[in-house]
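Here are the chains, one letter per residue:
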Amino acid sequence: MRYPRWLRLHLAALRALLVLTAVLGVAYPLAVYAVGRLPGLHDQAGGSFVELDGRTVGSALIGQSFTGPDGKPLKRYFQSRPSSGGHDPMASGASNLGPEDVVDRPGRQSLLTQVCVRSKAIGELNGVSGARPFCTPGGAGAVLAVFGPRAADGTVPRPTRVVSVNESHTPFMASYKGVRVEPARPGEDYAKGLVVPVRGDAPADPAVPPDAVTASGSGLDPDISPAYAAIQAGRVAQARGVPPAQVERLIKEQGRALGFMGEPTVNVLKLNIALDRAYPAR
Amino acid sequence: MSTTLAGILFIGSLLMALAVVYRPLGDYMYRVYTRPSHSRVERAVYRTVGADPDGEQTWGAYARSVLAFALVGILFLYGFQRLQNHLPLSLGRTPVKPDQAWNTAVSFVTNTNWQSYSGETTMGHLVQMSGLAVQNFVSAAMGMCVAVALIRGFVRKKTGHLGNFWVDLTRTCVRILLPIAFAAAIVLIAGGLVQNFGGGHVADTLTGAHQQIPGGPVASQEAIKELGTNGGGFYNANSAHPFENATAWTNWLEILLILVIPFSLCRTFGRMVGQNRQGYAILAVMGGIALVSVTLLNVFQLTHHGTVPAAAGGSMEGVEMRFGVANSATFAGATTLTSTGAVDSFHDSYTSLGGMMTLLNMMLGEVAPGGTGSGLYGMLILAVVTVFVAGLMVGRTPEYLGKKIGSREIKFAAMYFLSTPVLVLGGTAVALAVPDGRAGMLNRGAHGFSEVLYAFTSASNNNGSAFAGLTVNTVFYDTALGLCMALGRFLPIVFVLALAGSLARQGRVPESAGTLPTHRPQFAGMLAGVTVVLVALTFLPALALGPLAEGIRS
């Protein structure tokens, strides 16, 4: 029996797809798998797992949380970067919040406030200043909603009302252009006001480094910057009752690949394992 | 070494690597597409398909084969996802829901690899490696086939024949993509990518918690995902995930894989038309635009203008520490200049102007250097438009590579160029007009608009990257973006093949004193100008409402 031409064409296409699936979708990945079993590749292909005292404590490539049951950072461990998925490898991903996400909404902190909250907490934990540009001393985004007639360029030269949108208590500044700054009231919508982030006088290069206050792309970043490791060393040493110099000696900075690729990093899990080996918990 | 210098060396070393492989790979691909002999494996494939490998096809037959192969691919992949719970290695995953399965099937067949699903929780290993990854190969190959058919249209005279799709497809997969992908996959494993079939491993962490770490045949898929400018991640975090991109040097290698075929195809083009300088002219335009774009993207990201980047002290939100800001920006440039859409950092959190560059790259129509094959045919269409514009200026019938560009040819070129803007701008307008479309935005105001514009730009240009804050796993977005991907891929392909058919039927016009030379800097400059001006005229109003409104603020 002879099929019509259009059907023959599609059957040919189906046969082509099936034969290519056998080659590209079965033989190819199996061949790569077989080569990956060879010594030298075997560990990586399996997942780069690392062990301590005979138990698998994680993968050297996958970041994890070093927090207690209450979710607070454990002082005896170096802390990883923030993760939007709580370091759960089954929920990898980023926050996807934009660079001008500065106004908190009910149930969701703005990215700016998240950065400020983290900076303040990390500063307190490690005994350094948590101050940042565009952050209030209380650890919220320093953002005003300015109401009043708009000028031609969109600004508000003579405001009638000014609200500090991310603070429900005493605002970070008393007055703006001669108008008293009010705290935000829950449930009120300030969308009509002009959003004005206030820079403040914090240094542009704060003590808490950028990677410590931003969530990574994967949510599983295994690394921190050497600067973030450095500000944590004293606190870890104190928690373990050892001199800071000994903890600092364990920090293995991984330089740029070939000297110019990527950025210098410190692997947090490996560092914490080295700590536990050298100074086991009493 | 400073971050800036390291970032410059990173780009410079990529350029050197591309320059080194340009001739050998381009020449190799030239031989693949022009040698008459078939290997034994290939003969076996042709016998199974029932195709006569020496039988040539007209443009219509070629296009019908392309469309039939794509349609079968979509149906097969749809069924595969819907039935995955009955198949081995499914890891207990449930069937993918219908609208999402449609979206994903279209997405992978069209080389878009837009993902409204999250890989680690939605897809079993078999669907990933035997369904999605196979389309990573064949959809990339399909683009290269169409590009080669277009070149044949320029080369051949007084014939209706453009080659044989089944032969081009098989050779591209078996002789070009498979060997490179295999070698790359092994190197990537050495860097730390996983390749196993386990369902995951539960680690007892130092703090006494449990962490479930997934596995999978990732390295084999990652290699072809970049090489074929596909971009569909095995995991939700895509190439930011340490198991997909473990070190700074795997990041470098993945960028190289993304760029290597699109650039080297210029050499293949030059060889096929018998004038290498024509290939260099196209390469110069692609390379020039790409270099400007990547440089700007690096500058915008490193100067971290904007409230949150300034507060953080760097554009590190959504960026991995081992790559850093500069190398992530370079990856973002490569992935959006081609039709890849893999991401090693999250564009939604980029600075306003950095995010705009990724959008603009896609709006260029992905021709610098563009996807595998699709970049070259896109640029050749723009070359046709350019000789037409030049012809209008001096009042001569335009020619390109010895072929007259008459009204029939320019109509196909114009329809090719118009199809994507219609889908992007029309789709964005519809999404903003209906509540289901507006509901998906994560960010507010101008940035929310950018998310929607990005989604339709990405889908219609078959890129697949996202301002990932947008919630796209909804019936509205799955359906609408699926339609944009299908039309954005196959309408242009049909117009390209129709143009190729019309060119092949012509004889050759002998070069005369009045012929515009198309290998000189003058023409290359004009081609770059036409590319940028056409895009600016089409998309500036939309950009002004989104990233420009957000980025240019007092």
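Counting from 1, residues in each chain are numbered in the order their sequence is written. Ligands are numbered from 1 and chains lettered from A, in the order in which they are written. The model is predicted, so local features are restricted to residues of pLDDT at least 70 and side-chain atom pairs to those at 80 or more, both for listing and for counting; the totals for chains, interfaces and linings are taken over all residues. As a convention, hydrogens and water are excluded, and side-chain values are obtained from all of the structure's heavy atoms.

Regarding the interface of chain B and chain A
- Contacts between residues were defined by any pair of non-hydrogen atoms, one from each residue, lying within 4.5 Å. Opposite the 103 residues of chain B that make contact, chain A presents 105 residues.
- Summed over both partners, the accessible area lost on bringing two parts together, with a 1.4 Å probe, is the buried area. Both faces considered, chain B and chain A share a buried interface measuring about 8,400 Å² in area, 67% of it formed by carbon and sulfur atoms.
- The largest per-residue losses of area from chain B upon contact with chain A belong to B:L206, B:E317 and B:M321, which jointly make up 10% of the total buried on that side.
- Here a salt bridge means any side-chain nitrogen of Lys or Arg lying within 4 Å of a carboxyl oxygen belonging to Asp or Glu. Summed over the shared surface of chain B and chain A, the result is 0 salt bridges.
- Under the rule applied, a polar contact is a pair of N or O atoms within 3.5 Å (in protein, one hydrogen donor and one hydrogen acceptor; residues adjacent in sequence only if both atoms are side-chain atoms). Counting across the chain B and chain A interface gives 37 residue pairs in polar contact (both at pLDDT 80 or more).
- The way it works is that DSSP assigns letters per residue, a run of H or I at least four long becomes a helix, a run of E at least two long becomes a strand, and they are numbered from the N terminus. At 10 residues, the largest contribution of residues to the side of chain B that touches chain A is made by helix α7 (residues 165-191) of chain B.

Observations concerning the nonpolar core
- Among the nonpolar cores identified, the biggest contains 188 residues, and B:F69, B:L169, B:I261, B:I282 and B:Y400 are the most heavily contacted of them.
- Sorting elements by how many residues they give to this core places helix α6 (residues 125-155) of chain B first, with 19 residues.
- With sequence-adjacent residues up to four places away left out, B:Y400 is seen in contact with B:F154, B:F269, B:I282, B:L380, B:A383, B:V384, B:V387, B:I405, B:T518 and B:F523.
- For our purposes a nonpolar core is just a set of buried Ala, Val, Leu, Ile, Met, Phe, Trp, Tyr and Cys residues, chained together by side-chain atoms within 4.5 Å. Any residue under 20% of the maximum accessible area for its type is buried, any over 50% is exposed, and the rest in between are partly exposed; the area is computed with a 1.4 Å probe on protein chains only. The next biggest cluster of nonpolar side chains, apart from the first, holds 49 residues, and it includes A:L52, A:L97, A:V102 and A:A184.

Re the side chain of B:R267
Residue and element names in this part refer to chain B.
- With respect to the secondary-structure elements, R267 resides in helix α9 (residues 248-272).
- For R267, a relative accessible area of 6% translates into the label buried.
- Of the polar contacts made by the side chain of R267, one reaches the side chain of D27; its length is 2.8 Å.

A word on unusual backbone geometry
- Each neighbour pair has its own omega, and for B:A368 with B:P369 the value is 0°, a cis peptide bond.
- The backbone of A:H87 sits at a positive phi, close to 55°, despite the residue not being glycine.
- By the element assignment, A:H87 lies in the loop between β2 (55-59) and α3 (111-126).
- With a relative accessible area of 9%, A:H87 lands in the buried category.

Overview of empty space enclosed by the protein
Residue and element names in this part refer to chain B.
- The way it works is a 1 Å grid over only the protein atoms, where trapped points that fit a 1.4 Å probe form a cavity and open points with protein on both sides within 12 Å along at least five of seven lines form a pocket, and then any residue with an atom within 4 Å of a point lines it. Grid points are joined across faces, edges and corners, and a volume is the space filled by probe spheres set on the points. Overall, the coordinates contain 3 cavities of 30 Å³ or more when judged by the stated rule.
- In this structure, the largest cavity spans a volume of roughly 310 Å³.
- G365, E366, Y416, T420 and N461 are, among the 25 residues lining the largest cavity, the residues nearest its centre.
- Elements supplying a minimum of two residues to the lining of the largest cavity: α13 (352-363), α14 (374-394), α15 (407-433), α18 (475-505) and α19 (521-545).
- In terms of residue count, α15 provides more of the lining of the largest cavity than any other element does, 5 residues in total.
- Residue polarity is assigned by list, with Asp, Glu, Lys and Arg as charged and Ala, Val, Leu, Ile, Met, Phe, Trp, Tyr, Cys and Pro as nonpolar; anything else, Gly included, falls into the polar class. Across the lining of the largest cavity, the residue classes tally to 13 nonpolar, 10 polar and 2 charged.
- Approximately 60 Å³ is the volume found for the second largest cavity.
- Forming the walls of the second largest cavity are 13 residues, and the residues nearest its centre are L91, R93, E120, H125 and G215.
- Where the lining of the second largest cavity is concerned, the elements lending two or more residues are α5 (119-122) and α6.
- Residues belonging to the lining of the second largest cavity are distributed by class as follows: 5 nonpolar, 6 polar and 2 charged.

Brief notes about a nonpolar patch on the surface
- Each patch is built from salt-bridge-free residues with over 30% relative accessible area, joining like charges within 9 Å and nonpolar side chains (Val, Leu, Ile, Met, Phe, Trp, Tyr) within 5 Å. Method for areas: the Shrake-Rupley scheme with a 1.4 Å probe, in which residue coverage is limited to the protein chains shown. A contiguous nonpolar patch, built from A:Y3, A:L11, A:L14 and A:L18 and spanning about 310 Å² of accessible area, is present on the exposed surface.
- Assignment of secondary structure puts A:L14 in helix α1 (residues 5-36).

Some points on the environment of A:S80
Residue and element names in this part refer to chain A.
- As for its position among the elements, S80 is in the loop between β2 and α3.
- Spatially, the C-alpha atoms of S80 and G63 are 6.9 Å apart, while their sequence positions differ by 17 residues.
- Once residues lying within four places of it in the same chain are set aside, the contact partners of S80 are Q64, F66, H87, I224, Y228 and V268.
- Within the structure, S80 has its side chain in polar contact with the backbone oxygen of Q64 (distance 2.7 Å).

Structural notes on helix α8 (residues 218-227) of chain B
- Across the 10 residues that make up α8(B), a large majority, 10, are buried.
- Where α8(B) is concerned, the buried positions are B:V218, B:A219, B:S220, B:Q221, B:E222, B:A223, B:I224, B:K225, B:E226 and B:L227.
- On its buried face, α8(B) is in contact with α1 of chain A together with α6, α7, α9 and α12 (324-337) of chain B.
- Remark: B:T229 follows α8(B) within two positions and exhibits a positive phi of approximately 45°.

Regarding the layout of surface pockets
- Its boundaries defined by the atoms lining it, the largest pocket holds a volume of some 1,400 Å³.
- For the largest pocket, the lining is made up of 48 residues, of which A:E100, A:V102, A:V103, A:V195 and B:R444 are closest to its centre.
- For the lining of the largest pocket, the secondary-structure elements that each account for two or more residues are β3 (143-147) and β7 (194-197) of chain A together with α17 (445-460) and α20 (547-551) of chain B.
- The residue makeup of the lining of the largest pocket, split by class, is 19 nonpolar, 15 polar and 14 charged.

Quick notes on the side chain of A:R132
- Residue position: A:R132 is located in the loop between α3 and β3.
- Looking at A:R132, its side chain comes within polar contact range of the main-chain oxygen of A:V208, at 2.9 Å.
- A polar side-chain atom of A:R132 sits 2.7 Å from the main-chain carbonyl oxygen of B:A312.
- When near neighbours in sequence (up to four residues on either side) are disregarded, A:R132 contacts A:V115, A:S119, A:A202, A:P206, A:V208, A:P209, A:P210, A:V213, B:A311, B:A312 and B:G313.

Let's talk about the domain arrangement of chain A
Residues and elements named next belong to chain A.
- As far as domains go, chain A holds domain 1 (54-91 + 220-278) and domain 2 (111-197).
- For domain 1 versus domain 2, the distance between C-alpha centres works out to 33 Å.
- Each partner contributes residues to the interface: domain 1 has 7 residues there, and domain 2 has 5 residues.
- Surface buried jointly by domain 1 and domain 2 totals about 560 Å² across both partners, of which 71% is contributed by carbon and sulfur atoms.
- Considering only the side of domain 1, the residues that lose the most area to domain 2 are P82, I231 and R235, jointly responsible for 65% of the buried surface there.
- Our count for the contact surface shared by domain 1 and domain 2 stands at 0 salt bridges.
- Taken together, the links from domain 1 to domain 2 amount to 1 residue pair in polar contact (both at pLDDT 80 or more). Domains are outlined according to an automatic or database domain assignment.

Some remarks on the packing of α3(A) against helix α5 (residues 226-240) of chain A
All names here are of chain A.
- Across the interface, α3 lies against α5 with an axial gap of 8 Å and an inter-helix angle of 45°. On the basis of the axis angle, α3 is oblique to α5. Together, I122, L125 and N126 of α3 and Y228, I231, Q232 and R235 of α5 make up the contact between the two elements.
- In terms of residue class, the contact of α3 with α5 is built from 4 nonpolar, 2 polar and 1 charged. What counts as an axis is a line fitted to C-alpha atoms, over the stretch in contact for a helix, and the angles between N-to-C directions run from 0 to 180 degrees. Working rule for angles: under 35 degrees goes down as roughly parallel, over 145 as roughly antiparallel, 65 to 115 as roughly perpendicular, anything else as oblique.

A closer look at the sheet that holds strand β6 (residues 179-183) of chain A
Residues and elements named next belong to chain A.
- One open sheet holds the 5 strands; their spatial order is β5-β6-β4-β3-β7, and the pairing between them is mixed. If you trace the sheet from one side to the other, it starts and ends with β5 (175-176) and β7, each paired once.
- Note that β3 and strand β4 (residues 161-164) share 4 bridges and pair antiparallel. Looking at β4, one finds that A145 is bridged to V163. At least two bridges found by DSSP between two strands are what make those strands a pair.

Some remarks on the environment of A:V236
Residues and elements named next belong to chain A.
- Here V236 shows up in helix α5.
- For V236, a relative accessible area of 0% corresponds to the buried category.
- Taking the C-alpha atoms as reference, V236 lies 10.0 Å from N272; in sequence the two are 36 residues apart.
- Among all residues touching V236, those that are not within four sequence positions of it are K75, R76, Y77, F78, V247 and L275.

Structural notes on the pattern of salt bridges
- Per the counting criterion, the structure on display carries 20 salt bridges over all chains.
- The residue A:K120 makes a salt bridge to A:E124 at a minimum N-O spacing of 3.2 Å. One end of the pair, A:K120, and the other, A:E124, are both in helix α3, 4 residues apart, so they sit about a helical turn from each other.
- Classification of A:E124 as exposed rests on a relative accessible area of 56%.
- For B:K97, the salt bridge identified is with B:D99, shortest N-O distance 3.1 Å.
- Residue classification places B:K97 among the partly exposed positions, given a relative accessible area of 33%.
- Each of A:R161, A:E182, A:R185 and A:E188 takes part in salt bridges that share partners, so that together they form one network.

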